[in-house]
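# Chain and residue survey
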Amino acid sequence: MYINENFIKLPQSYLFSTVASKLKEYREAHPDADLIRMDIGDVTLPVASCVIEAMHRAVDDMASSDTFHGYGPEQGYPFLREAIAKGDYQERGIDIKADDIFISDGAKSDLGNLGNIYSRKSVIGVADPGYPVYVDSSVMDGRGGDLLSDGRWSRILYMDCKPENGFKPEVPARGVDVVFLCSPCNPTGTVFTRDELKEWVEYAQRNKTLIVFDSAYEAFVRDPEIPRSIYEIEGAKEVAIEIRSFSKTAGFTGLRCGYTVVPSELKGMDREGNEFPLRQLWNRRQSTKFNGASYIIQRGAEALYTPQGREAIKGNIDIYLSNARYIRKAMEAAGFEVYGGDNSPYVWAKLPGEDDSWKLFERILSEAEVSSTPGIGFGESGAGYIRLTGFNSPKNTRKAMERISRINFKKDDALEDEFKSLNDIKAIKALDDLNVLDDITEALGL
Ligand SMILES: *Cc1c(COP(=O)(O)O)cnc(C)c1O
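Summary of the structure given here. (Residues numbered from 1 in each chain as written. Predicted model: local features only at pLDDT ≥ 70, side-chain atom pairs only at ≥ 80, totals over all residues. Heavy atoms only, no water.)

## Remarks on the overall build of the protein
Within the protein, the secondary structure is distributed over 15 helices and 15 strands. Relative to a compact globule of 446 residues, whose C-alpha radius of gyration would be 22 Å, the protein shows 22 Å and is just as compact. Overall size of the protein, expressed as C-alpha extent along the three principal axes, is 65 × 55 × 45 Å. Looking at the protein residue by residue over its 446 residues, the buried ones come to 53%. A sequence separation of at least 24 residues applies to 72% of the contacts in the protein between residues at least 6 apart. Approximately 20,100 Å² of the protein is accessible, and the part contributed by carbon and sulfur atoms is 49%. For the protein, the separation between the mean place of its 55 positive charges and that of its 70 negative charges on side chains is 2 Å. (Helix = DSSP H or I, 4+ residues; strand = E, 2+ residues; numbered from the N terminus. Rg over C-alpha atoms; globule rule 2.2 N^0.38 Å. Buried < 20%, exposed > 50% of the residue type's maximum accessible area, 1.4 Å probe, protein only. Contact = heavy atoms within 4.5 Å. Areas by Shrake-Rupley, 256 points an atom, 1.4 Å probe, with all protein chains shown as cover. Lys, Arg positive; Asp, Glu negative; His and termini not counted. Charge placed at Lys NZ, Arg CZ, Asp CG, Glu CD.)

Encoded structure:
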């Protein structure tokens, strides 16, 4: 038996384990430390009560032979596919049908498994920095080529995100077969505008590229001008697969449920140029290798489309968003160059003159007892940046930012005064709301 040697070529990802061991070291050296985690990559608020009730009822269904559910459809139950098609698309003026929707146990599985339906020879394009699953799963499938000395793969096209392009990947000069786009983006918190997405759709049409659009954070978009779905762009149904998740939007990280949209209009080619609908291939893949998401969890997800469910999602995301906005303001005031924190739970920040993410991480840890995630861990273009997240409680978030603002960075006095006055007179509604949010989080025991 010979192994898949692509696994050996793949370097270990040390990012999160190194952060964890550095935090452990710090705690051991400072047993009284009151460390605040601003590197949390998981949601923290509990699942909505209407979802819990729906799941309780679904559990009871399993107890009686009349209502017992065994294997469900591999594509997901019609009740959930229809709720999604209606609630997430048709009601927003997007013509996506229940048949185009495939329920999964989360976005990560689908992002990794999609590689089953396009050619082994496909050239992949990814943003740098980016969510590591796109590159690593492509490498496992043999699409990486060789690992170069700079840590990049020879067959993968990296689209550098830098201050000059606002940390958003630009349409490359050459064509690729598959491109992964993420908006709102993890880790940078940036979002594509309608015009930028239009450029991507046109690029895909010109080059016969498949766009894999990861919109795991779509529910964080509050600006009506920012697209939440790529299908808001004309022609996108012919070029894009959209991957979504209930994880970050509704606290399903531990429950596991997401979905992938493969519109019937989307086609790929064989070597002779004959076209085949991708939906058929994906359906075949799922029917063979997947037996569907749990009935109980799908009933829970269905409840998110009720008025109570929508209200609950909005309430939780409001809290994360106001945290992120607060972080953004505080970091700007402290003299950082900042991206994200708007329509996104992530804030991406750099201290001018400091080009080492780990040094910045260490400094904030030792001087403020606040943890962050070094941006270099998400790709070479992340050097010098750190990622902060809005997933901690409003109280801890404020405490962490107050501590950071006490560090003697090169501060921007004007912005700092503005930040201070926000705290004093609570001029911004979002910050005003934090008092209410504090009560909520206190009541929740966060
Ligand atoms: C969290 C995350 C996912 C994975 O979500 P699951 O549905 O929990 O697997 C996918 N993409 C991005 C960008 C994420 O941050």
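## Points about the packing of helix 2 (residues 15-29) against helix 12 (residues 357-368)
Here helix 2 crosses helix 12 at 30 degrees, and the two axes come no closer than 12 Å. Accordingly, the angle class assigned to the pair helix 2 and helix 12 is roughly parallel. Seen from above, helix 2 lies across helix 12 with right-handed handedness. For the pair helix 2 and helix 12, the contacting residues are Leu15, Thr18, Val19, Lys22, Leu23 and Tyr26 in the first and Trp358, Phe361, Glu362, Leu365 and Ser366 in the second. (Axes fitted to C-alpha atoms, helices over the stretch in contact; angles between N-to-C directions. Parallel < 35°, antiparallel > 145°, perpendicular 65-115°, else oblique. Left-handed = near helix turned anticlockwise from the far one by under 90°.)

## Observations regarding the sheet that holds strand 14 (residues 373-374)
Strand order in the open sheet formed by 4 strands is 11-12-15-14, with antiparallel pairing between adjacent strands. If you trace the sheet from one side to the other, it starts and ends with strand 11 (337-340) and strand 14, each paired once. The sheet contact formed by strand 11 and strand 12 (residues 346-350) spans 4 bridges and is antiparallel. Residue pairing across strands places Tyr339 opposite Trp348, the latter belonging to strand 12. (Pairing = 2+ DSSP bridges.)

## Describing the site of the ligand
Neighbouring residues of the ligand: 14 residues in total, closest Ala107, Tyr217, Ser245, Ser247 and Lys248. Within the backbone of Ala107, an N or O atom sits 2.7 Å from an oxygen atom of the ligand. With respect to the ligand, the side chain of Arg256 contributes an N or O atom lying 2.8 Å from an oxygen atom. Coverage of the ligand by the protein chains reaches 94% of its 390 Å² of free accessible surface. Elements that contribute at least two residues to the shell around the ligand include exactly helix 5 (107-113) and helix 8 (247-250). The leading source of residues in the shell around the ligand is helix 5, at 3 residues. Residue composition of the shell around the ligand, by class: 6 nonpolar, 4 polar and 4 charged. (Near = heavy atom within 4 Å. Polar contact = N/O pair within 3.5 Å; in protein donor to acceptor, adjacent residues only side chain to side chain. Nonpolar A, V, L, I, M, F, W, Y, C, P; charged D, E, K, R; others polar.)

Structural measurements only, silent on function.
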